[in-house]
Amino acid sequence: MNAKLPGPLSGPNHHFALRPGSDRLVVFFSGTGKAPGKFDFWNVGREIDANVLFVNDEGNTWYQHGIKAFGATIDETLSNIKKWRKALGIKNTYLVGASMGGYGAVLFGALLNVRVIAFGFDSVLKLPTSQSERLINPSIQPLYPDLRPILAQSRAKVYVYAGEMETMDVVSALHISRLAHVSVQTLRGATHASAKFVHDHADLRLVFSAFLDSKPLPRMHACGKMCSMPSLVDLLHKAHLAHSEKSYELSPHDLSIRFETRPL
């Protein structure tokens, strides 16, 4: 590690937990509603054998303005992450996030061409009934409204966990699941809180350990196959939207839809 660091170790929207001797950096992106100085994955993240950077987006901008007080824009945030990587002698970088943080991890992972784990997030922003439609700062015009185009051009390897009880998380996972470097596990019985579900069933510390060591991630006993059945996901999506609009009639086409099954 170089003696001179490019900035303070902590601020309202970031905190570094350094691991001297490690050449790995894990960045944890927090979800919505975080007060300054509060971060997701705080306990499990500090147990990882790597340098760790916790970040949040207190304005619920879906990281469209980068990381406030760390980088005023996406490009400035990327530049500062690269400066820290150089100062710490980092060879491998890993990004993790859930919900809004999952979007942030995938966005910055695609821009940095690194490995990502994302739990239950919107791959397209502001879809009806989605988390981002409900919770994004209304003043935000997304710079990256759809993650698939940037992912398609990236070398990032992305692992996605999506709860099958949260229709919009499955819809978002399916949207990027056909990309060669994206791996999706849908989870039977899991809600939007898929990170907690994985922790309860497999222990996130073991998942992150395998992730950092480039080993296969634990395959959950509750792993579903919804992303191998796009027609089913489409029908569930239509039913979900109809329910949200209190419209309880499906067309004959919807009722006769054929389910396609493909291997994961």
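All of these numbers come straight from a predicted model, not from anything done at the bench. (Residues numbered from 1 in each chain as written. Predicted model: local features only at pLDDT ≥ 70, side-chain atom pairs only at ≥ 80, totals over all residues. Heavy atoms only, no water.)

Draft legend 1. A look at the overall build of the protein chain. For the protein chain, the count of helices and strands is 10 helices and 8 strands. Taking 2.2 N^0.38 as the reference for a compact globule, 264 residues should give roughly 18 Å; the C-alpha atoms of the protein chain span a radius of gyration of 19 Å, in line with that estimate. In terms of its C-alpha atoms, the protein chain occupies a principal-axis envelope of roughly 70 × 40 × 30 Å. A burial count over the protein chain gives 54% of its 264 residues as buried. Sequence-distant contacts, at least 24 apart, represent 70% of the contacts inside the protein chain between residues at least 6 apart. If you sum the accessible surface of the protein chain, you get close to 12500 Å²; carbon and sulfur atoms cover 54% of it. (Helix = DSSP H or I, 4+ residues; strand = E, 2+ residues; numbered from the N terminus. Rg over C-alpha atoms; globule rule 2.2 N^0.38 Å. Buried < 20%, exposed > 50% of the residue type's maximum accessible area, 1.4 Å probe, protein only. Contact = heavy atoms within 4.5 Å. Areas by Shrake-Rupley, 256 points an atom, 1.4 Å probe, with all protein chains shown as cover.)

Draft legend 2. Main features of the nonpolar core. Ranked by size, the top nonpolar core spans 50 residues in total, and within it F29 and L95 carry the most contacts. No other element matches the 8 residues that helix 3 (residues 100–112) contributes to this core. By size, the runner-up hydrophobic cluster in this structure holds 32 residues, among which are V44, A50, V96 and Y159. (Core = buried A, V, L, I, M, F, W, Y, C linked by side-chain atoms within 4.5 Å.)

Draft legend 3. Inspection of the sheet that holds strand 8 (residues 182–187) at higher detail. One open sheet accounts for 8 strands, arranged 1-2-4-3-5-6-7-8; its pairing is mixed. Since the sheet does not close on itself, it has two edges, and those belong to strand 1 (10–11) and strand 8, each with one partner. This element, helix 3, spans strand 3 (24–29), strand 5 (92–98), strand 6 (115–119) and strand 7 (157–163) of the sheet and lies at about 155 degrees to strand 5. (Pairing = 2+ DSSP bridges. Axes fitted to C-alpha atoms, helices over the stretch in contact; angles between N-to-C directions.)

Draft legend 4. Spatial organisation of the side chain of S99. Topologically, S99 is positioned in the loop between strand 5 and helix 3. Contact partners of S99, with chain neighbours within four places excluded, come to F119, G120, F121, Q131 and H192.

Draft legend 5. How the structure looks around the pairing of strand 3. Burial analysis of strand 3 places 6 of its 6 residues in the buried class, the great majority of the element. Taken together, the 5 bridges between strand 3 and strand 4 (residues 51–55) define a ladder with parallel strand orientation. Bridging across to strand 4, F28 finds its partner in F54.

Draft legend 6. Structural detail: the environment of E47. As for its placement among the helices and strands, E47 is situated in the loop between helix 1 (42–45) and strand 4. If sequence neighbours within four positions are ignored, E47 has contacts with R19 and R205. Within the structure, E47 has its side chain in polar contact with the side chain of R205 (distance 3.4 Å). (Polar contact = N/O pair within 3.5 Å; in protein donor to acceptor, adjacent residues only side chain to side chain.)

Draft legend 7. Just the pattern of salt bridges, in detail. A complete count under the given rule lists 6 salt bridges for this structure. Of the charged contacts, one joins R24 and D213 as a salt bridge, the two residues approaching to 3.0 Å between their closest N and O atoms. In this pair, R24 sits in strand 3 while D213 sits in the loop between helix 8 (204–212) and helix 9 (230–244), placing the two residues 189 residues apart along the sequence. Take R24: its relative accessible area is 16%, and that puts it in the buried class. In this structure, R205 engages D203 in a salt bridge whose closest nitrogen and oxygen atoms are separated by 3.0 Å. With a relative accessible area of 41%, R205 lands in the partly exposed category. (Salt bridge = Lys/Arg side-chain N within 4 Å of Asp/Glu carboxyl O.)

Draft legend 8. Structural view of the confidence of the model for the protein chain. The share of residues in the protein chain with pLDDT of 70 or more is 92%, and the mean pLDDT across the chain is 92. A low-confidence stretch, residues 255–264 stays under pLDDT 50, and its non-local contacts, those more than four residues away or across chains, total 22 contacts. (pLDDT = per-residue confidence, 0-100.)

Draft legend 9. Looking closely at helix 6 (residues 167–177). Counting buried residues along helix 6, 10 of its 11 residues qualify, which places the element largely inside the surrounding structure. Elements in contact with the buried residues of helix 6: helix 5 (147–152), strand 7, strand 8 and helix 9.

Draft legend 10. View of unusual backbone geometry. One non-glycine residue, F41, lies in positive phi territory at about 65 degrees. Mapped onto the elements of the fold, F41 is located in the loop between strand 3 and helix 1. Relative accessible area serves as the criterion here: at 12%, F41 is assigned to the buried category. Non-glycine residue S214 carries a positive phi angle of around 55 degrees. Residue placement: S214 occurs in the loop between helix 8 and helix 9.

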